[in-house]
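Single-letter residue listing:
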Amino acid sequence: MGQIDVGLMLKLIRKKICDMKIRTKMGLSLLVIVVLCCFGIGLYSYRIAKNAVIENAEVTVTNLVKQMGLNLDERIEAVRDVSYQMCETGKINKILNMNVAEAKSGMSKYKDSLSTAVLQRNALYDYTKYALLRPESGIIYEYYKTGMKKKKALEEEKILNFLSQKLTTASPTTWMVYDGQAYFARKIVIDYQDRGTLCIALTDDFFQFIGTTSDYLKNEEVVVANAQGEFLKNAQQMFGIKELEQILDYNNGSFYVYTDYEEKEDDSYLTIALKTQDNSWRLACFMPFSRLLQGVTPIYGAIIKVMIAFLLLSGMISYIFSRTITRNADVIVQGMKNFEEGHFERKLKPVNYDEIGLLALQMNFMGLKIQGLMGLLEQKERQKMETEFQVLQAQINPHFLYNTLGSLKWVAYRQGNKDLAASIDSLIQLLRFTIKNAGAMITLSEEIHYIENYVAIEKMKYGDMFAVNYQLEPETEELLLPGFVLQPFVENSILHGMDMAEQGGEICICAKKKRNILELSISDNGCGMTEEKKQELLMGEPEKKKRGLNSIGIRIVDQRLRNIYGEKYQIVMDSEIGKGTRITLRLPVTGGKENEVEDSTGRG
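Conventions used here
Residues numbered from 1 in each chain as written. Predicted model: local features only at pLDDT ≥ 70, side-chain atom pairs only at ≥ 80, totals over all residues. Heavy atoms only, no water. Pairing = 2+ DSSP bridges. Helix = DSSP H or I, 4+ residues; strand = E, 2+ residues; numbered from the N terminus. Axes fitted to C-alpha atoms, helices over the stretch in contact; angles between N-to-C directions. Contact = heavy atoms within 4.5 Å. Core = buried A, V, L, I, M, F, W, Y, C linked by side-chain atoms within 4.5 Å. Buried < 20%, exposed > 50% of the residue type's maximum accessible area, 1.4 Å probe, protein only. Phe/Tyr/Trp six-rings, centres within 6.5 Å; stacked < 30°, edge-to-face > 60°. Lys NZ or Arg CZ within 6 Å of the ring centre and 35° of its normal.

## Some details on the sheet that holds strand E16 (residues 570-576)
Here is step 1: Spatial ordering of the open sheet is given by E12-E14-E15-E17-E16, a layout of 5 strands whose pairing is mixed. Each having just a single partner strand, strand E12 (466-472) and E16 make up the two edges of the open sheet. Geometrically, the sheet is characterised by an average inter-axis angle of 10 degrees between neighbouring strands, direction not taken into account.
Here is step 2: As defined by bridge partners, strand E14 (residues 505-514) adjoins strand E15 (residues 517-524) across 8 bridges and the pair is classed as antiparallel. The partner of alanine 511 across the bridge, within E15, is leucine 520.
Here is step 3: Lying over the sheet, helix H17 (residues 554-565) contacts E16 and strand E17 (580-588), oriented at roughly 20 degrees with respect to E17.

Structure, rendered in structure tokens:
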């Protein structure tokens, strides 16, 4: 038997599904949606139940750990205080103050003094396996709880020597582990003199905080470390020493209580760590998730049963509703056939007025709309042809105007009127330049050429009453700027700045490049302007003046440059009555040699 082509099978299944009737597809779709919804709701419900159990356990265990921390602080203080009191009073105090001779002679009398002192103090008796006292005389006094095997003298000596090394005057007490046993040790100081060492071996009860009825934690899952991070109790097997040190040193030890989740191969664990408030000891407990989730299993079974019942009910409902939907779908199909044949005027009548029935009514409206749009499209086609004709006519008219002005220029030449011929030629160039470059970026040299033609026309009217000087740095001539920005300022100098009753008027156009700024200035030696006039030119409404060839005023040019360059554009007007006006435009450099090395004067 040959291998099965999985890709071909999937294509056949897909085609089979696509070829199904709408009723069948809708029923299957609804069923799939219901299945997915049931699965999602079930999964969500399970997660909610699971999270609720975990959250409740986390709160409960956190409170339990806080109580454990308080109990631990109480036990630490009790052992520390009672051991101090024991050494300050009674026979123990006498033993500590004996010299060697006195200690040897009173050995039989004071032999059981330590046992008596421990038995009389519940805080020590409850948590002590055995206790060792070595005063300065060197004789070791001992106490062993009933049932405890007595250690050899050499072993006792080793224990006392080891613990004594950890004690100092500044730190007279310590809690630590030696040879698997947790100890409390105290350096006994009386009247500022060392009198000996007391060592207490702690029972397991000292670290037992949890009763046998707890549903969440067990005593073997609790780790205890002293303030220096040394482990005094560690019976758990899930985490290594390095991991425990990281857990107990969370945030460099700057914490009170925190919870975390740790992943292990066998299980996940809820980890809760605490630093006791009075002694800064560290507690950590590890609760397996498997124990937490034991209460969720019955909920999971109930969710599955509800999902199955809901699926059966939903399947029946989806079948009934799919039948009601497909009847109007047939009406929609008939309407699409009418549209294909071009019968947009035919009306559809739905079986019922659900959403698909309303869609059939909308198709009736759409058919009427399509008829109207088709008529409108025919009308727009006719308008388009008419517009194209008008554009063609508009392209012919400027050429007719150029040809007419050219004829007038040659008539003026034949009649010997060269000034008139030159003015007509300037006008032709102005018109051609205006139509060709309206709204475009041009070079400064092209803009100056446009100004020269404009000035030539104005001189026909004013003759030699004014002169225009051009002072352009060569490196600025190929820089780009918006077209027709200088003409309104030159026109203002001619029409309003000059006293045309007198000769000697002078207009100077300068261009400089300073770093990345093109600085253009138009100055005249005319009558000047008042502050009100300057504000009117820049801030007021566009002045009603003689229309130039491009019909743009100073304010319009100012607004245009601001729109193009934004804050990089500046305009400065300096004017004094009777002395003249100077207008300076500063534009960002565009075009030309952008990487030109600056000269010593600072110009780019």
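## Here we look at the nonpolar core
Here is step 1: The biggest cluster of nonpolar side chains holds 53 residues, and the ones touching the most others in it are Ile92, Leu114, Trp175, Phe206 and Trp281.
Here is step 2: The element contributing the most residues to this core is helix H2 (residues 22-88), with 11 residues.
Here is step 3: Apart from residues lying up to four places away in sequence, phenylalanine 206 is in contact with Leu72, Arg75, Ile76, Val79, Tyr127, Trp175 and Trp281.
Here is step 4: With 40 residues, the next largest nonpolar core counts Val468, Met529, Tyr565 and Leu585 among its residues.

## Details of the packing of aromatic side chains
Here is step 1: Evaluated as defined, the whole model comprises 12 aromatic pairs.
Here is step 2: Pairing tyrosine 127 with phenylalanine 206 gives two aromatic rings, centres 5.3 Å apart and planes at 85 degrees, and the pair type is edge-to-face. Linking tyrosine 127 in the loop between helix H7 (122-125) and strand E1 (128-135) with phenylalanine 206 in the loop between strand E5 (193-202) and strand E6 (222-225), this pair joins segments that are 79 residues apart in sequence. An identical accessibility class is assigned to tyrosine 127 and phenylalanine 206; each is buried.
Here is step 3: Where tryptophan 175 meets tryptophan 281, the ring centres are 5.2 Å apart and the plane angle is 85 degrees; that geometry is what we call edge-to-face. In this pair, tryptophan 175 is assigned in strand E3 (residues 173-178) and tryptophan 281 in the loop between strand E9 (268-275) and strand E10 (282-288), connecting sequence segments 106 residues apart.
Here is step 4: Judged by relative accessible area, tryptophan 175 falls into the buried class, the value being 5%.
Here is step 5: With relative accessibility at 2%, the residue tryptophan 281 sits in the buried group.
Here is step 6: Linked through ring pairs, Tyr127, Trp175, Phe184, Phe206, Phe207 and Trp281 together constitute an aromatic cluster.
Here is step 7: Lying over the aromatic face of tyrosine 125, lysine 145 brings its terminal NZ or CZ to 4.7 Å of the ring centre.
Here is step 8: In this arrangement the basic side chain of lysine 459 is found over the ring face of phenylalanine 466, its NZ or CZ atom lying 4.6 Å from the centre.

Function cannot be inferred from these measures alone, as they are strictly geometric.
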